[in-house]
Structure formats: structure tokens, C-alpha cells
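Here is what each chain is made of, one letter per residue.
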Amino acid sequence: MENQPSILLKAQNITKKFGGITALNNVNLEVHTGKVNAIVGENGAGKSTLMKILSGVYPDYDGKLFLNGEEVSFKNPKEAMQKGIAIMHQELNLIPYLSITENIFLGREIENPFGMLDSKEMHKKTKELLERLHCKLSPKTLVSDLRVGEQQLVEIAKALLEDAKLVIMDEPTSAISDSEIEVLFKIIESLKTQNVSILYISHKLDKLRLIADRFIGLRDGNTVGTIENVKEVKRDDLIRLMVGRDISNMYKKDTVSLGEEVLRIENICLPKIGNKAFYLLNNINFSVKKGEVLGLFGLMGAGRTELLETLFGLHPNLMTGTVFIENKEVKIRSVMDAIKNGMGLVPEDRKEDGLVLQMEISKNVSMATVDSVVKNGFLNTALESLLSKKYIESLKIKTPSEKQLSKNLSGGNQQKVVLSKWLATTPKILFLDEPTRGIDVSAKNEIYHLINKLAKDGLGIVVVSSELPEIMSISDRILVLSDSRITGEFNQENASEEAIMKAAVE
Ligand code: ADP
Ligand code: MG
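Residues numbered from 1 in each chain as written. Chains lettered and ligands numbered in written order. Predicted model: local features only at pLDDT ≥ 70, side-chain atom pairs only at ≥ 80, totals over all residues. Heavy atoms only, no water.

A. Here's a closer look at the overall build of the protein chain. Each helix and strand counted, the protein chain has 17 helices and 22 strands in total. Against the compact-globule benchmark of 23 Å for 506 residues, the protein chain has a radius of gyration of 25 Å, which places it among compact chains. On the principal axes, the C-alpha backbone points of the protein chain span a range of 75 × 60 × 50 Å. For the protein chain, the residues scored as buried account for 52% of the 506 residues in total. In the protein chain, the share of contacts with a sequence separation of at least 24, taken over all contacts with a separation of at least 6, comes to 68%. Surface summary for the protein chain: the accessible area is close to 23,600 Å², and the carbon and sulfur share equals 49%. The positive charge centre, built from 65 side chains, and the negative charge centre, built from 68, are 2 Å apart in the protein chain. (Helix = DSSP H or I, 4+ residues; strand = E, 2+ residues; numbered from the N terminus. Rg over C-alpha atoms; globule rule 2.2 N^0.38 Å. Buried < 20%, exposed > 50% of the residue type's maximum accessible area, 1.4 Å probe, protein only. Contact = heavy atoms within 4.5 Å. Areas by Shrake-Rupley, 256 points an atom, 1.4 Å probe, with all protein chains shown as cover. Lys, Arg positive; Asp, Glu negative; His and termini not counted. Charge placed at Lys NZ, Arg CZ, Asp CG, Glu CD.)

If you want it as C-alpha cells, here you go:
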């Protein structure tokens, strides 16, 4: 008889909804003790949500958790931590202006018998932890002086301090270099020898195969399978575990007849600041025609946002390469240059870069084209209102009036305001970075129709999405980015989920 694995943690029928979105639907999961339990699944599959439930970040869900066979529920991450479950988030959670020691002991400071902070003791403990991780950094180093890989070590040290039995790592390798990955893997191996269990999320399949003891596939909020026999697992098996979402009732783009080339880029490179040997963009070439929707697909850290930002003049001193608009070479050294040359960018984080929430719709809409609402040197509010009313009508923005503050709109309508702002500049080329992120299904569909309509009107559109079914249904052509390079190009005929995902994990 085969040895029964020892199970540290079991999740049973976990369901989690965010408003109308079902992120997890009756998920079951077992974490084997002392093993690297790898989770794979495409963007939006529900991986991070599941990890946040296991670690007490989301106390609100349906289903049960068992730790060593005993039912548990965590009200917050601290409670999970006390039971030995630590999480390293996708976005690292350290405070940059504090030292390594201060970050590790934040909220659990050691005091001396006089009730004062015992920094000496905390530094000593930190030094021991760092040594356990083969890390030579001084405990007094400020986190802002650390590279991302080093920051991850600090996160792991934090977990070790609490004597974690399970360390959850959510895409720890998407932002770190190969040598840092090696360090991380050594640490994981040594944690395993101490019988610590690891839940490890990554889409870097080749690296993942070096470290994983078993694979669990998550798709559309469901567990779709596990592979226990890792020795025989092939790359394609893992890709099959990732893709295959239900796309039967997905929006389908109308075909539009394409016009002349509107944008062409040649040999675009973007070195990393302070490390000229490392590229955030490595020799990117493509062109877009009028009426065309070019989709850019890639997984976390592939370089998609960097590409749009670079073309939009946000990294003028670092980028190299040539940009042609309507076949004429242009120099884009700033956002002003980009706008003058007919480009618009709807950024990934609309609340941060796209929209001033405290301002009226009309002010937001006219923001990038202030000249058009100024008369004789004065802002003309009547013109401003007129401009925004035009877009409220054509984009069907749901609002009582153009004077409404943007923060009072739903996510989908806010996105339409950002879109209006750029349409008001009458661009030739529109860059859309994750245009449907965080909005509900019906608003998503409206955005798809809008993109299609804008293409019909003759714009060239470059759209970034990390959702595979979405990019397949809205694009005429798809480029895949992985590790700062273009690794695949697909058209409507040869695009398949498996082929695209294969290029994305290259
Ligand atoms: P993954 O980590 O596999 O990419 P996530 O767990 O982040 O997936 O997301 C799963 C689904 O839940 C996605 O459709 C995502 O948009 C949605 N989602 C995740 N977090 C939230 C949130 N805080 N509010 C609304 N929807 C969310
Ligand atoms: Mg995630």
C-alpha cells in the first residue's frame, strides 16, 4: 500500500463572492505537510482569493477549513499567523522607510523589563533569522534600499519569526531575477527539511517544475485537477491544467475592414534603472492599422504596462527605439508629445492615474484637452459641459448630470469617463490597459462594444488584458509578451487558449 500523505490543511467547499462576481465556487484543496504544493491557473482563476481565505485576510466565505484535522476559522491574518499560517502577498507589504528589523517586528515589538523597546534584542533576532536565510544584509538596512528579491527575504523572515507551519507564496518570482529565484528555492528546500509546508503560486512553469512536489489546477473558481506524480509531468500537462475556461457565451467582436497603418514601433527597448543589462522591454516591434484592435496578452511581470507607458512618453530617458505614426517618425519625450501626436492612454489603475475622483465628470472629461474649453483665455464652463454631455450620451454614462462627482459613479461608468477624457483629445491611437478590471460583467460587455465601435470609427487600438477569454474575444490580432519579449503572434484563425498560454509561459 502507498503511503498516505500527511495533510496539514484542508479547504472544503469554499465559495467566495464579491458582489456579483463569484471568485471561488466550491473549491476543495489539500495542503500536504512538508511539501511544495504548487497552484497553477490563469489570471482571474481565483488563486489569490483562495490564499487570502487560508490566511485570514478574507474572514467572510462559505465552506470549511481544517488544520491538522481540526476545524478552524480566522478572523484576521494575525489569527492565522498564530496558528502557523503566513502569507507573502503578490504585492509586498513592507514599509519602505522602516528598517528590516522594524518591519519584522512591527506590531509584535519586544520590550525590555522597563517597558521600553528592546532594539538590541530585536536586531539580534533579526540577524539570526537573516542568517537562517543565508542573507548577509544588516538588520538596520532600510527596506527602501532593498531590491525586490531582498524584500521577499524579509517577508519570509517575518513568517519564520512566527514559526510558520505553512508559508503561502503568491507569485513570488514574477518580480525577481534568476539569481534571486535560486536563493528563494534554497530557502524553500531548507524550510521543507524543517517540515514546513509551502503553497506556491507561479506561472513560471519551468522554474516551478524544479521545486514543486505536486500541482493543483484552479480554473474559473473551481479546482480542476491535481497532479501528484511530478516526475512525469510535462509542460503541456500543466498548460492544460491552466486553460480551458468556459467561453461559450463570451462577446464576439465584429470584423472591421482595416485601413492604413497608424502606428509602427521598431526595436523598442527599456533597460531597468540601475541595471542596464536587464531589460523591462527587449526589442519590441509591431504595427497597428486604423480600425484594428491589437491585443497584448501576458502574465504578471511580462512587460505589458511598461510597453504602453513607454510608448506614451513616460520613460523618455531610458527607452530606445523608433516610433512611427502614419509612417512618419515621431519623437515622444513626454505625455504632452504623446497627446499632440494623437495618442491616448487609459491606465491600469483608473483611481490612481486616470481619474480625479473628487472632481466633476465635466472637469475630468476636459482635462486632457483644456484648450478646447477655453475661450479668450478663460475657462468656458458652458463649453466644458457641452463636451462632457456629448460623451455621456454617446458612451451611455449613467449619471444624473455632468456635474456629478466622479467618485459617485460605478466602476464601469468611471472607466467610461476616463475613456471620454481621451476621446476628447481626438486621438488616432488608443492604448487601453486592463480596461475591464474590477467591473461587473454587463459593464464589461459595454466596454467591449465601445472598443469595437471606436475601431469602426478608424482608431487604432492597443489593448492589454490578462484575461485570456477576454483578449481572444475583443482583438483582431494578439501579441504575447513574456519576460519582456514578444513570444507569440496570433490572429483570429490560429488563436487558441493553449497556444497563447504556451507563449505566455515561455
Ligand atoms: P488570480 O489570483 O487567480 O488571478 P483572483 O483571486 O485575484 O485570481 O481573482 C478571482 C476573481 O475574483 C477575478 O474575477 C477577480 O476579478 C475577482 N476579484 C478578486 N478580488 C476581488 C475584489 N476584491 N473585488 C471584486 N472582485 C475581485
Ligand atoms: Mg493572483
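B. How the structure looks around the side chain of Arg235. Position of Arg235 among the secondary structure elements: in helix H8 (residues 235–242). Of note is the side chain of Arg235, whose polar atom sits 2.9 Å from the side chain of Asp206. (Polar contact = N/O pair within 3.5 Å; in protein donor to acceptor, adjacent residues only side chain to side chain.)

C. A look at the confidence of the model for the protein chain. Taken as a whole, the protein chain shows an average pLDDT of 89; of its residues, 96% reach a score of 70 or greater. Mean pLDDT per element in the protein chain: helix H11 (residues 350–354) is the minimum at 70, and strand S4 (residues 62–67) is the maximum at 98. (pLDDT = per-residue confidence, 0-100.)

D. Focus on a nonpolar patch on the surface. A cluster of nonpolar side chains, namely Val370, Val374 and Leu379, defines an oily patch on the protein surface of about 210 Å² accessible area. Examined against the element boundaries, Val374 turns out to sit in strand S17 (residues 374–375). (Patch = residues over 30% accessible without salt bridge, like charges linked within 9 Å, V, L, I, M, F, W, Y side chains within 5 Å. Salt bridge = Lys/Arg side-chain N within 4 Å of Asp/Glu carboxyl O.)

E. Representation of the site of ligand 1 within the structure. Residues in close proximity to ligand 1 include Phe18, Ile21, Ala23, Glu42, Asn43, Gly44, Ala45, Gly46, Lys47, Ser48, Thr49 and Tyr58, which together make up its full environment. Gly44 is positioned such that a nitrogen or oxygen atom in its backbone is 2.7 Å from an oxygen atom of ligand 1. At 3.2 Å from an oxygen atom of ligand 1 is found a main-chain nitrogen or oxygen belonging to Ala45. Contact with the protein chains covers 68% of the free accessible surface of ligand 1, which is 560 Å². Sorting elements by how many residues they give to the shell around ligand 1 places helix H1 (residues 47–54) first, with three residues. A per-class count over the shell around ligand 1 returns five nonpolar, five polar and two charged. (Near = heavy atom within 4 Å. Nonpolar A, V, L, I, M, F, W, Y, C, P; charged D, E, K, R; others polar.)

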